[in-house]
Amino acid sequence: MDAKSDMKSLQHFIGGNWVDAEGSKVFEVLNPLDDSLYCYSAHGTGNDMRDAIAAAKAAFPAYKETTPTERERWLLRVAEIMEERQQDLVNCLVDEIGSPVSKAMFEITKGLTMVRAAAGLCRNVRGETIPSDAPGKFSMSIREPLGVVAVITPFNVPLIKTTRLVANALAVGNTVVHLPSEMAPHLSMIFAEIVAEAGFPAGTYNVVSGFGAEIGDDLTSSKDIDFVTFTGSTFVGQHINEICAKNKTPNTLELGGKSPTVILADADLDKVMPLAARSIFMFAGQACIGSSRFYVERPLYDEFVKRFSGMIGKIGMGDLRDPNTVIAPAISPRQRDRINSHIEDARAKGATVYGGEWEGNRCRPTLLTDVTEEMTVCRTETFGPVTSIYPIDSYEEGLERANDSEYGLSSAIFTKDIDKAFHFARNIDAGMCHINGPTIHDEAHVPFGGNGESGVGREGTDADMEAMTELKWVTVQL
Ligand code: NAD
């Protein structure tokens, strides 16, 4: 497809230059609110990807010799320019992926902490001295960057994921090739403009726009890629895991979730209710750590369902630029079909459905009760504003059912009983657990990630520093 001249058309950012895709091909990026054309973007090919990898590889030897002061200064400048360009970032997050302005601001605030925390990482790339058994031998470990890092990001939190992973990779001295979601290329191109303006050398950060299904393998299977960090669906993550295993490429995989919230009989529902709503309806449930399973102890169950079903009609679904709006459009026709089919399958098999109507491309907040094993929604990630509520007869049953999932990303428990709360934290098979807080929570320096089908490895400043560098043993005979 060729771009029409009056519409914005994005290029790749390779080796410090803005370049067209091979053959100047583009694809359409649609505004999910009404499926109108948002922009055109370069339709990348395998050759484009190879050019980007070559640029990152060429930039690495000089970049790895840069000082912590230089990298810290560039990263802090990235944060400053992000603040100067806040309105551009908001507009892009609203119109490219349908973020309500409150979620866009959440991403910007988090993104700034990601970049600033990464700046602090530059001085922390350290090894240690090691006692030696050999007389007169001074022994130490030094920590070195790996080389070229492939960063693959999803559509739903493109700024948080881009800032965290790109900034951490650059902070420790790697160069980067980034494949953003085909549904959110513009956000990454704005970030590339910011990185270039901040002074990072040409070739250190490269962005290729295109379809992961077409050019993802050209990235992840390249012998010149030294680390892969992928965030996205479990299905694609499994495929990447196989490629990385074959090539012995180290990687982190941040995948899907079906995160549980357990509410015990002693919980204070006045405090729980707003957090429960936040746990699942932020960005209309398009959050990997959204809570799509609530297990409520029997004495509170009826009251919880009554209050939650009374709340859902009041959750903001107006103009995306209204700060009170919470509910976003589902990102694509395929995703709308998926959400709808999960709701209708549950309804047809006997679930009670609260909400579930559609207004244009937006699905109203939806609660399901009487959910059974035969229903798709019971075990499968919906990635929409849909959650199931189940009664439990005891804490032990809550823990057992919370653990009865292939996924293991985030989890939460609401109770005043400190023994049960800590028992849950120790025994839930999940990468993250929040006591008296929602499943949706993230910070720059924490170990973020999941178990089982939810992924491999952890993200965050410390975790990324360890994953994206390698120790080398060095001795000196004195
Ligand atoms: P997706 O898997 O469809 O796409 C993610 C990225 O993978 C995109 O950039 C896409 O282009 C790329 N891709 C597709 N095929 C590829 C291939 N063969 N090789 C390399 N890259 C390829 O996911 P999505 O729809 O963008 O995001 C939603 C999913 O992401 C949900 O399952 C959600 O739970 C998950 N997610 C997880 C986290 C986390 O931290 N665990 C965070 C956000 C989203």
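Now for a quick tour of the structure. (Residues numbered from 1 in each chain as written. Predicted model: local features only at pLDDT ≥ 70, side-chain atom pairs only at ≥ 80, totals over all residues.)

### Overview of the sheet that holds strand β13 (residues 259–263)
Taken together, 7 strands build an open sheet; the order of strands is β15-β18-β19-β14-β13-β21-β22 and the sheet is mixed. At either margin of the open sheet sits one strand with a lone partner, and together these are β15 (352–354) and β22 (434–435). Pairing of strand β14 (residues 291–297) with strand β19 (residues 386–392) involves 5 bridges; the strand directions are parallel. Bridge pairing in β19 links Glu 297 to Ile 392. In the packing of helix α9 (residues 269–281) onto the sheet, contacts are made with β13, β14, β19 and β21 (412–414), and the angle to β14 comes to roughly 150°. (Pairing = 2+ DSSP bridges. Helix = DSSP H or I, 4+ residues; strand = E, 2+ residues; numbered from the N terminus. Contact = placed C-beta atoms within 7 Å. Axes fitted to C-alpha atoms, helices over the stretch in contact; angles between N-to-C directions.)

### What to know about the packing of helix α5 (residues 158–171) against helix α6 (residues 185–198)
Two numbers describe how α5 lies on α6: the axes approach to 10 Å, and their chain directions differ by 40°. The angle between the axes of α5 and α6 places the two elements in the oblique class. Seen along the crossing, α5 lies across α6 with a hand that is right-handed. Between α5 and α6, the residues in contact are Pro 158, Leu 159 and Thr 162 and Leu 187, Ser 188 and Phe 191, respectively. (Parallel < 35°, antiparallel > 145°, perpendicular 65-115°, else oblique. Left-handed = near helix turned anticlockwise from the far one by under 90°.)

### A few points about the pairing of β19
Counting buried positions along β19 gives 6 out of 7 residues, so the element sits mostly inside the fold. Looking at chain direction, strand β18 (residues 366–369) and β19 are connected through 3 bridges and run parallel. Residue Thr 366 lies in a different strand from β19, and its bridge partner there is Val 386. (Buried ≥ 20, exposed ≤ 12 C-beta atoms within 10 Å, placed from the backbone.)

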